Amino acid sequence: MTPAPAPERVPTPGNAVLLTLVGGIVAALGLTLLAGPTSGGALLGADLAVAAVLRLVLPVRVAGGLAVRSRPVDVAMLLVLAVSCLVLAGLVPTPA
């Protein structure tokens, strides 16, 4: 009796979604170094808001690493983090 062939691994786009968001985080850190914490924090908040929208609309198979808990909890946490980053970025005083 011959063993059954191994199922083919189909790549899921979830890793691409997560890597794109990590790229946004790296860009936010670079912008923080170059332009200051206000613009870097705003970009980080925007990246987290995009992550919340993607988690809301994408199925779990496509969301990949964004799907950690239930959809409402993930979206709520990402939105809280996004708003927090945006508020804190607005509160940071700009050096003269």
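Residues numbered from 1 in each chain as written. Predicted model: local features only at pLDDT ≥ 70, side-chain atom pairs only at ≥ 80, totals over all residues. Heavy atoms only, no water.

Caption draft 1: Region of the structure containing the side chain of aspartate 74. If you trace the backbone, aspartate 74 turns up in helix H4 (residues 71-91). For aspartate 74, the contacting residues outside a window of four places in its chain are Arg55, Leu66, Ala67, Val68 and Arg69. (Helix = DSSP H or I, 4+ residues; strand = E, 2+ residues; numbered from the N terminus. Contact = heavy atoms within 4.5 Å.)

Caption draft 2: Looking closely at the pattern of salt bridges. Within the structure shown, the criterion is met by two salt bridges. A salt bridge links arginine 55 to aspartate 74, with the nearest nitrogen and oxygen atoms 2.9 Å apart. You can see arginine 55 sitting in helix H2 (residues 37-57) and its partner aspartate 74 sitting in helix H4, a full 19 residues away along the chain. For the pair arginine 55 and aspartate 74, one class covers both residues: buried. One salt bridge in this structure joins aspartate 74 and arginine 69, with 3.3 Å as the shortest N-O distance. A cluster of three or more residues bridged by salt bridges with shared partners is formed by Arg55, Arg69 and Asp74. (Salt bridge = Lys/Arg side-chain N within 4 Å of Asp/Glu carboxyl O. Buried < 20%, exposed > 50% of the residue type's maximum accessible area, 1.4 Å probe, protein only.)

Caption draft 3: The arrangement of H2 in detail. Relative to the 30 Å expected for 21 residues at 1.5 Å per residue, H2 spans 30 Å between its end C-alpha atoms, a close match to the ideal helical length. Among all positions of H2, only Gly40, Gly41, Gly45, Asp47, Leu48, Ala51, Ala52 and Arg55 are buried. On an axial view of H2, the arc spanned by its buried residues comes to 160°, and they lie on one face. (Expected span 1.5 Å × (residues − 1). Arc of directions from axis to C-beta.)

Caption draft 4: Layout of the packing of H2 against H4. Interaxial distance between H2 and H4 falls to 8 Å at its minimum, and their mutual angle equals 165°. Of the possible angle classes, the one that applies to H2 and H4 is roughly antiparallel. Taken as a pair, H2 and H4 cross one another with a handedness that is left-handed. Counted by class, the contact of H2 with H4 contains 18 nonpolar, three polar and three charged residues. (Axes fitted to C-alpha atoms, helices over the stretch in contact; angles between N-to-C directions. Parallel < 35°, antiparallel > 145°, perpendicular 65-115°, else oblique. Left-handed = near helix turned anticlockwise from the far one by under 90°. Nonpolar A, V, L, I, M, F, W, Y, C, P; charged D, E, K, R; others polar.)

Caption draft 5: Representation of a nonpolar patch on the surface within the structure. A cluster of nonpolar side chains, namely Val83, Val87, Leu88 and Leu91, defines an oily patch on the protein surface of about 400 Å² accessible area. Along the polypeptide, valine 83 turns up in helix H4. (Patch = residues over 30% accessible without salt bridge, like charges linked within 9 Å, V, L, I, M, F, W, Y side chains within 5 Å. Areas by Shrake-Rupley, 256 points an atom, 1.4 Å probe, with all protein chains shown as cover.)

Caption draft 6: A look at the UniProt feature "transmembrane region" (unreviewed entry) in the protein chain. Per the UniProt entry, the sites bearing "transmembrane region" (unreviewed entry) are residues 16-36, 42-63 and 75-92 in this numbering. Helix makes up 91% of residues 42-63 and strand 0%, whereas the separation of the span's terminal C-alpha atoms amounts to 23 Å. Helix makes up 94% of residues 75-92 and strand 0%, with an end-to-end C-alpha separation of 26 Å. (UniProt positions renumbered as here; feature names shortened; annotations may be inferred.)

Caption draft 7: Broad picture of the confidence of the model for the protein chain. Per-residue confidence for the protein chain averages 89 on the pLDDT scale, and 89% of its residues sit at or above 70. Ranking the helices and strands of the protein chain by mean pLDDT puts H4 first, with 96, and helix H3 (residues 60-63) last, with 86. (pLDDT = per-residue confidence, 0-100.)

Caption draft 8: Spotlight on the nonpolar core. In this structure, Val17, Leu21, Leu48, Ala51, Ala52, Leu58, Val62, Ala63, Leu66, Leu78, Ala82 and Cys85 together form the largest nonpolar core, which totals 12 residues. Elements with a contribution of two residues or more to this core: helix H1 (14-35), H2, H3 and H4. Discounting residues that sit within four places of it in the chain, leucine 78 has contacts with Leu48, Ala51, Ala52 and Arg55. (Core = buried A, V, L, I, M, F, W, Y, C linked by side-chain atoms within 4.5 Å.)

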